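Coordinates in review
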Amino acid sequence: MQEVIHYFQANPIIYKACLSLVILLIYYKVVRLTNKLLHRTIKDNSLYYVTRKRFYYLHSVILVVIFIMLWSEARLDLTIYVGFISAGIAIALREIFTNIAALLIIVIQKPFEVGDRVVVNDRAGDVIDQKIFHFVMMEVTSKAEGEQSTGKVVHIPNNYLFTHAVSNASKGFGYVWNEIDVRLTLDSEWEETKAQFETILNKHTEHISTEARDKVQEASKKYMLHSQDLTPAVSVMVKDGYLKLTLRYLTEPRKMKLTEDVIWREILEYVRENEGVKIA
């Protein structure tokens with residue numbers, strides 16, 4: 001044993017080469033063990049892939065720093081090596097750290113909660129679960145089609161909170177504006193049609209406007225909300241050779257499609273019964 005020690009002392013390059021080989025074998029085992037642990041604990045494939053890559057980068061940075069310490073003739077202060085490793089960790093695992101930071105904001109400030117209808121990066125859906133690194137949505141067809149689910153489960157990283165706008169239809173006063181555009185020919189009897197459309201809107205949505213006023217007052221204690229007219233309305237404009245009547249009303253986010261369907265049925269029934277009204 002003493003002879004081996006003396007041999008390595010007399011041949012430092014061979015010693016460093018053998019030690020480097022041992023370090024590489026240990027590195028290989030650690031990477032394999034880490035991958036196995038990640039595969040057992042993370043069920044989502046995309047999250048597993050990203051996390052595995054991040055740990056691979058982290059291991060690589062640590063390996064490079066160890067080799068620099070081993071082969072460099074200049075002996076740097078330990079704090080410098082620690083700084084290298086810390087920087088490598090911050091770079092390699094930045095998404096993990098930002099996801100955890102975003103989770104703290106989600107838990108403390110509650111921009112959304114499980115059960116809320118949200119729109120993130122043009123994806124609309126209901127939040128069905130909250131994880132450490134991501135939250136899960138049940139996707140709906142679009143922002144304007146309320147309750148129709150696509151059946152797709154979407155996993156969104158928590159750090160999207162920092163890089164994308166998050167729209168929450170369930171916060172505030174709990175209602176959203178919806179608009180229905182009806183195009184009529186220029187010779188249509190628009191005055192009477194406008195009055196009839198207002199009657200249809202009031203029939204189905206006026207009670208929501210009354211409820212919304214109370215909720216706006218409550219929400220204004222938490223948010224800087226300006227007073228606005230919440231009653232349903234119909235506006236008229238001429239565009240591209242036709243009359244456009246826009247029906248604007250408040251509705252519950254999850255009942256938007258249902259309410260729109262009921263209103264359209266009554267609009268079409270009214271048009272069918274009145275020869276002086278023609279849809280363009």
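Residues numbered from 1 in each chain as written. Predicted model: local features only at pLDDT ≥ 70, side-chain atom pairs only at ≥ 80, totals over all residues. Heavy atoms only, no water.

Digging into the overall build of the protein
- Regarding its fold elements, the protein presents eight helices and eight strands.
- The proportion of buried residues among the 280 residues of the protein is 32%.
- Intrachain contacts of the protein at a sequence separation of at least 6 include 63% that bridge at least 24 residues.
- Of the roughly 17600 Å² of accessible surface on the protein, a fraction of 59% belongs to carbon and sulfur atoms. (Helix = DSSP H or I, 4+ residues; strand = E, 2+ residues; numbered from the N terminus. Buried < 20%, exposed > 50% of the residue type's maximum accessible area, 1.4 Å probe, protein only. Contact = heavy atoms within 4.5 Å. Areas by Shrake-Rupley, 256 points an atom, 1.4 Å probe, with all protein chains shown as cover.)

Looking at the packing of aromatic side chains
- By the definition in use, this model includes two aromatic pairs.
- Pairing F112 with F135 gives two aromatic rings, centres 4.7 Å apart and planes at 50°, and the pair type is tilted. Of the two residues, F112 sits in the loop between α5 (94-109) and β1 (117-120) while F135 sits in strand β3 (residues 134-140), which places them 23 residues apart along the sequence. F135 shares its class with F112; the two are buried.
- Here F197 and Y270 contribute two aromatic rings whose centre-to-centre distance is 6.3 Å and whose plane-to-plane angle is 70°, an arrangement assigned as edge-to-face. Taken as a pair, F197 in helix α7 (residues 190-219) and Y270 in helix α8 (residues 256-273) lie far apart in primary sequence, 73 residues in all. (Phe/Tyr/Trp six-rings, centres within 6.5 Å; stacked < 30°, edge-to-face > 60°.)

Describing the sheet that holds strand β8 (residues 242-251)
- Across the sheet, three strands lie side by side as β6-β8-β7; this open sheet has antiparallel pairing. With one partner strand each, in any of the chains shown, β6 (176-184) and β7 (233-239) form the two edges of the open sheet. Each strand of the sheet is rotated relative to its neighbour by a mean of 25°, with strand direction disregarded.
- Bridge count between β6 and β8: nine bridges; the pairing is antiparallel. The residue of β8 that forms the bridge with I180 is L247.
- Of the strands in this sheet, β6 and β8 are in contact with α8, which crosses β6 at around 25°. (Pairing = 2+ DSSP bridges. Axes fitted to C-alpha atoms, helices over the stretch in contact; angles between N-to-C directions.)

Here we look at the nonpolar core
- Ranked by internal contacts, the top residues of the largest apolar core, which has 16 residues, are V182, F197, L247, I263 and I267.
- Mapped by element, the contributors of at least two residues to this core are β6, α7, β8 and α8. (Core = buried A, V, L, I, M, F, W, Y, C linked by side-chain atoms within 4.5 Å.)

Examining the side chain of H204
- Mapping H204 onto the fold places it in helix α7.
- Among the polar contacts made by the side chain of H204, one reaches the side chain of E266 at a distance of 2.8 Å. (Polar contact = N/O pair within 3.5 Å; in protein donor to acceptor, adjacent residues only side chain to side chain.)

Focus: helix α2 (residues 12-41)
- Between its first and last C-alpha, α2 extends 43 Å over 30 residues, near the 44 Å set by a 1.5 Å rise per residue.
- Among the residues of α2, those classed as buried are K16, S20, I23, Y27, V31, T34 and L38. (Expected span 1.5 Å × (residues − 1).)

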